[in-house]
Amino acid sequence: MSNSNRLRIAVQKSGRLSDDSIALLKAIGIKLQIRDRLLIAHSTNQDIDLLRVRDDDIPGLVMDGVADLGFIGENELEEKMLERQSANKTASFITLRRLDYGGCRLSIAVPNEFNYQSLASLEGKKVATTYPYLLERFFKDKGINAQAVMLTGSVEVAPRAGVADAICDLVSTGATLEANGLTEKDEVFVSKAVLIQKSGALSEEKQALIARLLPRMDGVLQAKE
Ligand code: PRT
Ligand code: ZN
């Protein structure tokens, strides 16, 4: 592994957070040459390298100290934190900024024909989700005995496929739920993209670089308000 003095920032390679994260880095003056297929992108004017990975990997890369900073959705961050805590792995990080993109909510939705009165209607039911730790914590807090069924994709078709009675998935406009004959019922978690830093000491150079970048980021975020 290269033991570099360059600040390593983990960003989603391709997905809903990629463009906004890269645009923000460019807006604060970081010049980047991104080649589509490469894992690493070097900045040409700063001591910064981007690690371009799946969003699922970003919390772990920062918590394991492989990346110094990371742009990630709070939903994914919190889920991975709960997963690591349950495996007795370290799960510490510092949230530097909450950002103005990636907004969504993790919600429970049921088929339109489901006779839903309250959360208690889910007692004894199966709920398909990609976020079993967040969902199980929610059920535990509310005192509901329901089972989270883990699916990494196609969560919205699980009830129709007979795999689950309800779902718990990310929603932004609600169009996906509607297209699949589902009605949103309960909000489990509200999320936005955040910039996180690994816990523990960074070199003086890296710390100084972050200290120069953050005020510029604040300027960009304020200008957009
Ligand atoms: O390949 P990789 O693992 O990196 O990407 P991914 O497919 O896991 O994630 P991606 O790119 O879809 O989402 C990355 C992050 O964007 C999520 O973790 C959230 O923090 C944030 N985000 C914001 C969303 C949405 N909005 C969103 N609407 N992530 C997913 N969705 C999906 C949702 O799962 C559902 O399928 O969009 C659909 C619902 O959208 P509406 O508009 O129809 O309600
Ligand atoms: Zn992902």
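Conventions we followed
Residues numbered from 1 in each chain as written. Chains lettered and ligands numbered in written order. Predicted model: local features only at pLDDT ≥ 70, side-chain atom pairs only at ≥ 80, totals over all residues. Heavy atoms only, no water. Domains from an automatic or database assignment. Contact = heavy atoms within 4.5 Å. Buried area = accessible area lost by both parts, 1.4 Å probe. Near = heavy atom within 4 Å. Polar contact = N/O pair within 3.5 Å; in protein donor to acceptor, adjacent residues only side chain to side chain. Areas by Shrake-Rupley, 256 points an atom, 1.4 Å probe, with all protein chains shown as cover. 1 Å grid on protein atoms, 1.4 Å probe; cavity = no way out; pocket = protein on both sides within 12 Å on 5 of 7 lines; lining within 4 Å. Sits in = over half its atoms within 2 Å of the grid points. Helix = DSSP H or I, 4+ residues; strand = E, 2+ residues; numbered from the N terminus. Nonpolar A, V, L, I, M, F, W, Y, C, P; charged D, E, K, R; others polar. Core = buried A, V, L, I, M, F, W, Y, C linked by side-chain atoms within 4.5 Å. Buried < 20%, exposed > 50% of the residue type's maximum accessible area, 1.4 Å probe, protein only. Phe/Tyr/Trp six-rings, centres within 6.5 Å; stacked < 30°, edge-to-face > 60°. Donors = N, O, S within 2.8 Å, 3.2 Å for Na, K, Ca; no water. Tetrahedral: all angles 85-135°; square planar, octahedral: opposite > 155°, others 65-115°. Pairing = 2+ DSSP bridges. Axes fitted to C-alpha atoms, helices over the stretch in contact; angles between N-to-C directions. Salt bridge = Lys/Arg side-chain N within 4 Å of Asp/Glu carboxyl O.

Draft legend 1. Structural context of the domain arrangement of the protein chain. With domains assigned, the protein chain is organised as domain 1 (7-102 + 192-224) and domain 2 (104-191). Once you take the C-alpha centre of each, domain 1 and domain 2 turn out to be 29 Å apart. Opposite the 12 residues of domain 1 that make contact, domain 2 presents 11 residues. Here domain 1 packs against domain 2, burying approximately 1,000 Å² in sum over the two surfaces, 54% of which is carbon and sulfur.

Draft legend 2. A look at the site of ligand 1. The environment of ligand 1 is made up of 21 residues, and the closest members are R54, N75, T173, G174 and T176. At 2.9 Å from an oxygen atom of ligand 1 is found a side-chain nitrogen or oxygen belonging to D55. N75 is positioned such that a nitrogen or oxygen atom in its side chain is 2.6 Å from an oxygen atom of ligand 1. Surface burial for ligand 1 is 78%, taken as the share of its 840 Å² of free accessible area covered by protein chains. Using a 2 Å cut-off from the grid points, one finds that ligand 1 occupies the largest pocket. When contributions to the shell around ligand 1 are tallied by element, the ones reaching two or more residues are β9 (166-171) and α5 (175-179). The dominant element in the shell around ligand 1, judged by the number of residues it contributes, is β9, at 3 residues. By residue class, the composition of the shell around ligand 1 is 6 nonpolar, 10 polar and 5 charged. Here the shell around ligand 1 spans two domains, since at least three of its residues come from each of domain 1 (7-102 + 192-224) and domain 2 (104-191).

Draft legend 3. Looking closely at the nonpolar core. By size, the foremost hydrophobic cluster in this structure holds 28 residues, and its most contacted members are I9, L25, L50, F71, L99 and M217. Going through the elements one at a time, β1 (7-12), α1 (18-27), β3 (48-53), β4 (69-73), β11 (193-198) and α6 (204-224) are the ones with two or more residues in this core. A total of 7 residues in this core trace back to one element, the largest contributor, which is α6. What I9 contacts, discounting residues up to four positions off in sequence, is L25, I48, D49, L50, L51, L69 and F71.

Draft legend 4. Here's a closer look at the packing of aromatic side chains. The final tally for this structure, using the stated rule, is 2 aromatic pairs. Ring geometry for F114 and Y116: centres 6.2 Å apart, planes at 55 degrees, overall tilted.

Draft legend 5. Broad picture of the coordination of the zinc ion (ligand 2). Only D55 (OD) and D56 (OD) from the protein reach the zinc ion (ligand 2) as donors, at distances of 2.0 Å. Relative to the metal, the 4 donor atoms surrounding the zinc ion (ligand 2) lie at angles of 77 to 173 degrees, and the coordination shape comes out irregular. The exposure class assigned to D55 is buried, which follows from its relative accessible area of 19%.

Draft legend 6. Representation of the sheet that holds β1 in the model. With mixed pairing, 6 strands are arranged side by side in an open sheet as β2-β3-β1-β4-β11-β5. Both outer strands of the open sheet, β2 (40-42) and β5 (93-98), are each paired with one neighbouring strand and no more. Strand-to-strand, the axes of this sheet are offset by a mean angle of 30 degrees, without reference to chain direction. Examined bridge by bridge, β1 and β3 share 6 bridges and lie parallel to one another. Within the sheet, the bridge partner assigned to L7 lies in β3 and is I48. This element, α1, spans β1, β3 and β4 of the sheet and lies at about 150 degrees to β1.

Draft legend 7. Geometry of the pattern of salt bridges. Per the stated rule, a full pass over the model turns up 12 salt bridges. Across the pair R137 and E78 runs a salt bridge, and its minimum N-O distance is 2.8 Å. Highlighted residues: R137 in helix α4 (residues 132-142) and E78 in helix α3 (residues 74-86), separated in sequence by 59 residues. Overall, the relative accessible area of 18% leaves E78 in the buried class. One salt bridge connects D100 with K224, and the closest N-O pair in it is separated by 3.1 Å. Of the two residues, D100 is situated in the loop between β5 and β6 (104-111) and K224 in helix α6; the sequence distance between them amounts to 124 residues.

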